[in-house]
Amino acid sequence: MIEPVGDECLRARLVAALEDAGFGWEQVAGCRRLGGGTFSDVYGVRTAEGARAVVKLAPATGSPVLRYERGILGTEAWYLRTVRERTSVPVPTVLAVSAGDEGGPGDHLVTSECPGVPWEEMARSVGAEARAALREELGGHMARVHAVTGTEGFGYPALPFGPLRSSWREAFLEMVDSVLDDAGRFGVTLPRPAGEIRDVIAAESSSLDEVTTPRLVHWDLWDGNILAERRPDGPRITALIDAERALWGDPVAELVSLALFHDITRDEPFLRGYRAAGGSVSFDASARNRMALYRAYLYLIMWVEARPRRFGAAQLAWLERDVFEPLGVMLDAWARGEGPVAHWWPRG
Ligand SMILES: Nc1ncnc2c1ncn2[C@@H]1O[C@H](COP(=O)(O)OP(=O)(O)OP(=O)(O)O)[C@@H](O)[C@H]1O
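Residues numbered from 1 in each chain as written. Predicted model: local features only at pLDDT ≥ 70, side-chain atom pairs only at ≥ 80, totals over all residues. Heavy atoms only, no water.

Draft legend 1. Quick look at the packing of aromatic side chains. Summed over the entire model, instances satisfying the criterion amount to eleven aromatic pairs. The interplanar angle of 15° and the centroid separation of 5.3 Å between the aromatic rings of Trp219 and Tyr297 together place this pair among those described as stacked. Here Trp219, found in the loop between strand S7 (215–217) and strand S8 (226–231), pairs with Tyr297, found in helix H9 (residues 285–305); they are 78 residues apart in sequence, far enough to count as distant. Judged by relative accessible area, which is 0%, Trp219 ranks as buried. Connected via pairs of aromatic rings, a cluster forms that spans Phe154, Trp168, Phe172, Trp219, Tyr294 and Tyr297. (Phe/Tyr/Trp six-rings, centres within 6.5 Å; stacked < 30°, edge-to-face > 60°. Helix = DSSP H or I, 4+ residues; strand = E, 2+ residues; numbered from the N terminus. Buried < 20%, exposed > 50% of the residue type's maximum accessible area, 1.4 Å probe, protein only.)

Have a look at this one:
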């Protein structure tokens with residue numbers, strides 16, 4: 001079945017993206033909108049010959065986006081290709097990508113469709129044992145991805161941020177500056193004035209200098225971006241998706257996005273899988289401080305992006321309670337010299 005595709009402009013972009021990937025619209029036998037995302041318009045397409053593809057259409061030119069979001073479908077293509085070339089970790093195959101040099105909105109990305117459903121959906125119906133096995137498998141995949149090192153510097157690869165920086169601290173502080181500027185541009189109220197937030201984070205940032213090798217980091221691996229399917233011997237990961245925020249940086253940053261709902265330091269199955277595949281992780285004072293810095297940055301992104309993405313009242317109330325308020329607590333503790341505050345959202 002071919003679902004109606006939004007407006008004429010969106011339909012034209014979908015047709016053009018498919019053509020870019022070598023499919024004519026006349027070949028399309030099925031097309032449905034895929035839910036779950038709030039940034040791109042995402043479609044699952046099936047041809048009469050049985051090929052399956054996923055098309056992501058970035059917000060139209062002129063739509064409000066954060067600075068780091070300009071060109072992020074190009075970032076996603078770069079991550080997927082790098083993982084595919086340099087590891088055995090399952091990711092979609094890139095079939096076509098259009099992301100301008102300056103990374104404007106209006107881009108597209110076409111990939112293969114992977115089997116499975118987001119782990120978030122499956123997690124509710126599997127037991128603790130199956131969950132542990134999946135976390136262990138994920139730990140192994142992450143160690144393999146984090147073994148991929150870069151040679152040209154740290155940070156987001158897209159041009160709005162380029163070139164890559166020679167120090168991780170410099171790259172990270174620039175990322176923080178950028179989202180604080182976005183907050184000003186969109187008139188978003190922050191838990192503390194932007195200047196204070198910048199100063200508190202800069203004052204805590206010396207531990208970032210311990211990161212001397214740029215490593216490949218996905219940085220948005222919450223359960224909704226891990227596809228899994230049931231097999232006779234339990235669920236298996238079929239793909240890591242939605243790599244728009246990927247960068248060259250600190251693998252410890254990954255641990256924050258991998259455990260927004262629980263304490264990664266107690267996630268034994270994940271850590272077992274990570275270490276068994278050669279990953280090295282310790283939760284010393286430096287790592288805990290860095291984790292808190294990365295969480296503060298992710299909370300800033302989540303809070304600020306709600307404005308251009310036009311989130312509704314229920315989602316804003318949730319963000320206020322679980323992101324805005326904890327961020328204020330974290331910043332206050334740092335300002336008082338009390339060190340990092342660990343925070344994660346309790347499930348349920
Ligand atoms: N390669 C793929 N194979 C199968 N399903 C996919 C694939 N890519 C995306 N999907 C499905 O489409 C949904 C939306 O995709 P995705 O999360 O990449 O969109 P997004 O708009 O970038 O999301 P976000 O707002 O979180 O950035 C996913 O939750 C998943 O169900």
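Draft legend 2. Focus on the site of the ligand. Looking at the ligand, there are 21 residues lining it, with Thr38, Lys56, Cys114, Asp242 and Glu244 nearest. Here an oxygen atom of the ligand and a backbone polar atom of Phe39 are 3.1 Å apart. In this structure, an oxygen atom belonging to the ligand sits 3.0 Å away from a side-chain N or O atom of Asp242. For the shell around the ligand, the elements supplying multiple residues, two or more each, are strand S3 (52–57) and strand S5 (108–112). Within the shell around the ligand, the residues separate by chemical class into nine nonpolar, seven polar and five charged. Per-domain counts for the shell around the ligand show at least three residues from each of domain 1 (8–112) and domain 2 (117–335). (Near = heavy atom within 4 Å. Polar contact = N/O pair within 3.5 Å; in protein donor to acceptor, adjacent residues only side chain to side chain. Nonpolar A, V, L, I, M, F, W, Y, C, P; charged D, E, K, R; others polar. Domains from an automatic or database assignment.)

Draft legend 3. A look at the packing of helix H5 (residues 168–185) against helix H6 (residues 194–203). Where H5 contacts H6, the two axes come as close as 10 Å, and the packing angle between them is 165°. Our classification of the angle between H5 and H6 gives roughly antiparallel. Pair H5 / H6 crosses with right-handed handedness. Within the contact between the two elements, H5 uses Arg169, Phe172, Leu173, Val176, Asp177, Leu180 and Asp181 and H6 uses Ala194, Ile197, Arg198, Ile201 and Ala202. Grouping the constituent residues of the contact of H5 with H6 by class yields eight nonpolar, no polar and four charged. (Axes fitted to C-alpha atoms, helices over the stretch in contact; angles between N-to-C directions. Parallel < 35°, antiparallel > 145°, perpendicular 65-115°, else oblique. Left-handed = near helix turned anticlockwise from the far one by under 90°. Contact = heavy atoms within 4.5 Å.)

Draft legend 4. Summary view of the domain arrangement of the protein. Under the domain assignment, the protein is made up of domain 1 (8–112) and domain 2 (117–335). For domain 1 versus domain 2, the separation of C-alpha centres amounts to 23 Å. Of the residues lining the interface, 30 residues belong to domain 1; the matching set on domain 2 comes to 37 residues. Overall, the association of domain 1 and domain 2 removes approximately 3000 Å² of surface from exposure, summing both partners, and the carbon and sulfur fraction of that is 63%. Taken together, the connections running from domain 1 to domain 2 amount to four salt bridges. Arg309 is the partner of Glu69 in a salt bridge, and the nearest nitrogen-oxygen pair spans 2.7 Å. Here domain 1 is connected to domain 2 by eleven residue pairs in polar contact (both at pLDDT 80 or more). (Buried area = accessible area lost by both parts, 1.4 Å probe. Salt bridge = Lys/Arg side-chain N within 4 Å of Asp/Glu carboxyl O.)

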